[in-house]
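Structure assessment
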Amino acid sequence: METRDDEEQFFPHGAVAFFVLFVALCLVIWYGIYFLMLART
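Values in this document were obtained by computation on a predicted structure and should not be read as measured data.

We now examine the overall build of the protein chain. Scanning the protein chain from terminus to terminus reveals one helix and zero strands. In the protein chain, buried positions account for 0% of the 41 residues. With the model as given, the accessible surface of the protein chain reaches about 4400 Å², and the carbon-plus-sulfur share is 70%.

So, in structure tokens, the structure goes:
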């Protein structure tokens, strides 16, 4: 498959955005549980 210099290179913007949002959601859930456990002590 040949590529030309003037052809735009493919970059998965959607996949990167999904990954960043997924990591942010995991951190929110983790810190939520963490501070919930701290409040119970």
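Applying the stated criterion across every chain yields a total of six aromatic pairs. Look at W30 and Y31: their rings are 5.1 Å apart centre to centre, the planes differ by 90 degrees, and that puts the pair in the edge-to-face class. A relative accessible area of 41% means that Y31 is categorised as partly exposed. Following the ring pairs from residue to residue traces out a cluster consisting of W30, Y31, Y34 and F35.

Calculation rules
Residues numbered from 1 in each chain as written. Predicted model: local features only at pLDDT ≥ 70, side-chain atom pairs only at ≥ 80, totals over all residues. Heavy atoms only, no water. Helix = DSSP H or I, 4+ residues; strand = E, 2+ residues; numbered from the N terminus. Buried < 20%, exposed > 50% of the residue type's maximum accessible area, 1.4 Å probe, protein only. Areas by Shrake-Rupley, 256 points an atom, 1.4 Å probe, with all protein chains shown as cover. Phe/Tyr/Trp six-rings, centres within 6.5 Å; stacked < 30°, edge-to-face > 60°.

Coordinates in, geometry out; function isn't part of it.
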